[in-house]
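# Descriptive structure summary
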Amino acid sequence: KPMEKTMKFNKKEQNILANIIHHRRDIRGNNFESKKIKKKYINQILHSALKAPSVGFSQPWKFVIIKDDKIKDKIYNNFTKEYEKSKEHFKNRPIYESLKLEGIKETPINIAVYYKKSNTKILGQTSQKKMGEYSVVCAIQNMWLTARSLNIGLGWVSILKPKKINKILNVPKDYVLVGYLCVGYPKKFFTIPELETLKWNDKVKLNNIVTWI
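Below or above, wherever it landed, is the structure these notes cover.

Parameters and conventions
Residues numbered from 1 in each chain as written. Predicted model: local features only at pLDDT ≥ 70, side-chain atom pairs only at ≥ 80, totals over all residues. Heavy atoms only, no water. Helix = DSSP H or I, 4+ residues; strand = E, 2+ residues; numbered from the N terminus. Rg over C-alpha atoms; globule rule 2.2 N^0.38 Å. Buried < 20%, exposed > 50% of the residue type's maximum accessible area, 1.4 Å probe, protein only. Contact = heavy atoms within 4.5 Å. Pairing = 2+ DSSP bridges. Axes fitted to C-alpha atoms, helices over the stretch in contact; angles between N-to-C directions. Salt bridge = Lys/Arg side-chain N within 4 Å of Asp/Glu carboxyl O. Left-handed = near helix turned anticlockwise from the far one by under 90°. Nonpolar A, V, L, I, M, F, W, Y, C, P; charged D, E, K, R; others polar. Patch = residues over 30% accessible without salt bridge, like charges linked within 9 Å, V, L, I, M, F, W, Y side chains within 5 Å. Areas by Shrake-Rupley, 256 points an atom, 1.4 Å probe, with all protein chains shown as cover.

This paragraph deals with the overall build of the protein. Helix and strand content of the protein: seven helices and four strands. The order of helices and strands in the protein, counted from the N terminus, is α-α-β-α-β-α-β-α-β-α-α. In summary, the protein has a C-alpha radius of gyration of 19 Å against a globular reference of 17 Å for 213 residues, a match within 12%. C-alpha atoms of the protein, sized along the principal axes, occupy 60 × 45 × 40 Å. When each of the 213 residues of the protein is scored for burial, the buried share is 37%. For the protein, long-range pairs separated by at least 24 residues make up 84% of all intrachain contacts whose partners lie at least 6 apart in sequence.

This paragraph deals with the sheet that holds strand β2 (residues 109-116). Pairing between sheet strands relies on hydrogen bonds along the backbone, with the strands arranged either parallel or antiparallel. The four strands are arranged β1-β2-β4-β3 in an open sheet whose pairing can be described as antiparallel. The open sheet is flanked by β1 (61-66) and β3 (153-157), the only strands paired with a single partner. Between one strand and the next, the sheet's axes are offset by a mean angle of 25°, whatever the strand orientation. Along the sheet face, helix α2 (residues 39-50) touches β1, β2 and β4 (175-184) and points at about 165° away from the line of β1.

Here we come to the pattern of salt bridges. For the structure shown, the criterion picks out eleven salt bridges. A salt bridge links Arg28 to Asp26, with the shortest nitrogen-to-oxygen separation between them at 3.7 Å. Among the salt bridges present, the one from Lys130 reaches Glu133, with a minimum N-O distance of 3.6 Å. Judged by its relative accessible area of 45%, Lys130 falls in the partly exposed class. Within the structure, one salt-bridge network assembled from shared partners comprises Asp26, Arg28 and Glu194.

With that settled, consider the environment of Tyr175. Structurally, Tyr175 can be placed in strand β4. Put simply, Tyr175 and Val113 are 62 residues apart on the chain and 9.5 Å apart in space, counted from C-alpha to C-alpha. Tyr175 has contacts with Lys62, Tyr114, Tyr115, Lys116 and Asn166, leaving out every residue within four places of it along the chain.

What follows is about unusual backbone geometry. In this model, Phe57 sits at a positive phi of 50°, which is unusual for a non-glycine residue. Secondary-structure assignment places Phe57 in the loop between α2 and β1. For Phe57, a relative accessible area of 66% gives the class exposed. Phi at Lys199 is positive, roughly 60°, even though this residue is not glycine. Position of Lys199 relative to the elements: it lies in the loop between α6 (194-197) and α7 (206-209). Judged by relative accessible area, Lys199 falls into the exposed class, the value being 67%.

Between α2 and helix α4 (residues 131-149), whose axes approach to 7 Å, the crossing angle comes to 145°. In the crossing of α2 with α4, the sense of the turn from one axis to the other is right-handed. Every residue of α4 that contacts α2 at Gln44, Ile45, Leu46, Ser48 and Ala49 is listed here: Ala139, Asn142, Met143, Thr146 and Ala147. Considering only residue class, the contact of α2 with α4 consists of six nonpolar, four polar and no charged.

Here the focus is a nonpolar patch on the surface. Where nonpolar side chains cluster on the molecular surface, the patch consists of Val204, Leu206, Ile209, Val210 and Trp212 and spans about 620 Å² of accessible area. Tracing the sequence through the fold places Leu206 in helix α7.

Mapped onto the fold, Leu181 is located in strand β4. Since its relative accessible area comes to 0%, Leu181 is described here as buried. For the pair Leu181 and Thr107, spaced 74 residues apart in the sequence, the C-alpha separation amounts to 9.7 Å.

Right, dumping it as structure tokens:
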């Protein structure tokens with residue numbers, strides 16, 4: 001069998017990838033348009049997830065696509081309850097209550113991304129049990145960058161109770177919710193991340209977080 005030719009990328013292609021990564025943003029509900037997304041683009045985003053690395057080639061992901069407004073309403077109601085609880089942790093940061101932290105009802109598509117637990121031992125996951133879930137996170141990053149390349153926005157909602165979401169979506173208990181994504185066309189992509197602009201945290205510098213030994 002002849003050796004497969006190695007794919008190499010030129011400087012222009014490398015710059016395109018760097019630009020996509022640099023301009024990826026977490027999009028909130030007040031920045032989404034109501035414009036529908038063609039199914040072929042949703043499929044393109046999902047297919048990119050399947051190309052993510054997975055430890056032990058486990059491919060432990062599952063995707064639930066939510067279009068139904070009644071289901072979105074139930075998800076939003078859970079967000080609202082959890083958001084009210086979360087305020088207790090940020091009493092000293094009044095700006096928290098002014099932040100729009102989701103786009104559940106504003107976006108035409110929501111995607112719940114799950115990790116499927118295995119009943120057998122997985123190569124590379126015998127010492128670090130979370131590697132399967134981390135693999136699903138890699139899939140989400142692929143989705144995020146692909147969406148950005150299509151000028152489609154994606155927002156990750158984490159202020160949700162996973163068990164409640166499983167019940168709403170009728171997902172079995174052996175599936176673990178890793179990410180709940182709101183997908184739609186944004187009014188704009190911010191040049192600088194919103195929370196950086198609002199000075200929620202300082203931007204870290206590479207020299208402060210890298211140790212060479």
